[in-house]
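Structure assessment
Chain by chain, the residues:
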Amino acid sequence: MAEYAHTPVSLMTRLTERDLAIVCDVHEHQTLTTPQITRVHFPQTGDRRARRRLLALYRYGVLDRFRRYTSAGKLPDHWILGRNGAQLLAYHRQVQVSDLDFRSDQAQRLGYSVQLRHVLGLAESFVLFVEAGRGPGELVRWYGERECARRWGVYIRPDGYLCWNQEGSDLRAFFEYDTGTESLEKVRRKMAGYANLARYREVTSVVLFAVHSDKREEHLAARLRSDVPGRVGVYITTHARLAGPGPARAVWRAADASDRFTLVDIARRHPLPEHEPEE
């Protein structure tokens, strides 16, 4: 059991900047697994140190955890926000805990949810972009579903948003993680929202889709080829390519072409206006 005798005040001398970063990422993505947190926040020190620190955060009441059983055996720990973690995050952001959509039954709600596959797939995409950003390119910023909804929910509800810098070029793109549960027609209808946002921002809406199979990629490209509105750029890859060569490589196919592009290629195809403010 977590040691809820700890309070945010008593934890002031125990928590590090990395701990707070973990709390922010877990909240933004609803849940992250032990391997995912290790890859993002402990890339040099490895699994053992990550597990020790996560266990400490669990005992402090900062994080909570759950596991699911599958036919392949038990999945790794899935970390979620704990009661003290929600209070700490609220203080950090100068908001109320109620503003964070924190729920004490998060473990049950997520553990039994049919959406867990999508949540974990999106979290894995975030991790892959972080890892790719340790190469020649840099992941300057990533927003998850919650922050995207807060910023652009009037127009669109993307799964993520990223700012990528490489070789002097900047890419700002929305991210859609597709598991095949939505019809292609429903996906197509999302493009109107991206077009409306592009008109409002006066910047092309670049949308990166990660889909579950080559067949889905082909069908989505065919559906969007003639229906993508002006000032919207659509690029598609598969989950396998995202995990294999990686998101920074030439894995992104334009809806209207069969060529594959890198993130820096896409940035150069959609240059930002001068003095474009950061989002």
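Now for a quick tour of the structure. Fair warning: this is a prediction, and the values are worked out from it, not measured in the lab. (Residues numbered from 1 in each chain as written. Predicted model: local features only at pLDDT ≥ 70, side-chain atom pairs only at ≥ 80, totals over all residues. Heavy atoms only, no water.)

Moving on to the sheet that holds strand β5 (residues 78-81). An order of β1-β5-β2 is seen for the three strands of this open sheet, with the pairing classed as antiparallel. In this open sheet, the two edge strands, each paired with only one partner strand, are β1 (32-33) and β2 (63-66). Where β2 meets β5, four bridges bridge the pair, whose relative direction is antiparallel. From the neighbouring strand, L63 faces β5, where its bridge partner is L81. Contacts from helix α1 (residues 17-29) reach β1, β2 and β5, with the element oriented near 95° to β5. (Pairing = 2+ DSSP bridges. Helix = DSSP H or I, 4+ residues; strand = E, 2+ residues; numbered from the N terminus. Contact = heavy atoms within 4.5 Å. Axes fitted to C-alpha atoms, helices over the stretch in contact; angles between N-to-C directions.)

Quick look at the packing of aromatic side chains now. Applying the stated criterion to the full structure yields 13 aromatic pairs. Taking the centre distance of 5.5 Å and the plane angle of 40° together, the rings of F129 and W142 count as tilted. On the criterion of sequence distance, the pair formed by F129 in helix α6 (residues 116-132) and W142 in strand β6 (residues 138-143) is long-range, its members being 13 residues apart. This pair shows no difference in class: F129 is buried, exactly as W142 is. Consider the rings of Y143 and W152, whose centres lie 6.2 Å apart with planes at 50°: the pair is tilted. With respect to burial, Y143 and W152 carry one shared label: buried. (Phe/Tyr/Trp six-rings, centres within 6.5 Å; stacked < 30°, edge-to-face > 60°. Buried < 20%, exposed > 50% of the residue type's maximum accessible area, 1.4 Å probe, protein only.)

Bringing unusual backbone geometry into the picture now. Negative phi characterises most residues that are not glycine, and trans characterises most peptide bonds. The phi dihedral of Q94 is positive, around 60°, even though this residue is not glycine. Mapped onto the secondary structure, Q94 falls in the loop between α4 (83-93) and α5 (106-111). Notably, E167 is not glycine yet its phi reads approximately 55°, a positive angle. Position of E167 among the secondary structure elements: in the loop between β7 (160-166) and β8 (169-177). In this structure E167 comes out as exposed when scored by relative accessible area, which is 56%.

To continue, consider the pairing of strand β10 (residues 232-238). Most of β10 is tucked away, with seven of its seven residues classed as buried. Of the two faces of β10, the one holding V232, V234, I236 and T238 and the one holding G233, Y235 and T237 are both buried throughout. At this point the chain moves from strand β9 (residues 205-211), through helix α9 (residues 214-224), to the parallel β10, and the crossover so formed is right-handed. Pairing analysis gives two bridges linking β10 to strand β11 (residues 252-254), with the strands arranged antiparallel. Paired with Y235 across the strands is A254, a residue of β11. (Right-handed = clockwise from strand over helix to strand, strands pointing away.)

Read across the open sheet, the seven strands follow the order β6-β7-β8-β9-β10-β11-β12; overall the sheet is mixed. The open sheet has two edge strands, β6 and β12 (260-261), and neither has a second partner. This element, α6, spans β6, β7, β8, β9 and β11 of the sheet and lies at about 160° to β8. Packing against the sheet, α9 makes contact with β9, β10, β11 and β12, and its axis sits at approximately 165° to β10.

Here is a general trend for soluble globular proteins: nonpolar side chains tend to be buried in one another's company. In terms of nonpolar packing, the biggest core is built from 28 residues, with F129, F175, L208 and W252 touching the most fellow members. Counting only elements with at least two residues in this core, the list comes to α6, β6, β7, β8, β9, β11 and α11 (263-269). Considering each element in turn, this core owes the most residues, seven residues, to α6. In terms of nonpolar packing, the next biggest core, distinct from the first, is built from 24 residues, V23, Y60, A86 and L100 among them. (Core = buried A, V, L, I, M, F, W, Y, C linked by side-chain atoms within 4.5 Å.)

It is worth spelling out the pattern of salt bridges at this point. Evaluation of the coordinates by the stated rule reveals 23 salt bridges. For E147, the salt bridge is made with R150, and the minimal N-O distance between the two is 2.6 Å. Placement of both E147 and R150 in helix α7 (residues 145-152) is noted, with a separation of three residues, approximately one turn of the helix. Between E167 and R268 there is a salt bridge, with the nearest N and O atoms lying 2.6 Å from each other. Separated by 101 residues along the polypeptide, E167 in the loop between β7 and β8 and R268 in helix α11 bring together distant segments of the chain. Several salt bridges converge on common partners, so that one network encompasses D214, E217, E218, R241, R253 and R260. (Salt bridge = Lys/Arg side-chain N within 4 Å of Asp/Glu carboxyl O.)

By themselves, these figures tell us nothing about what the structure is for.
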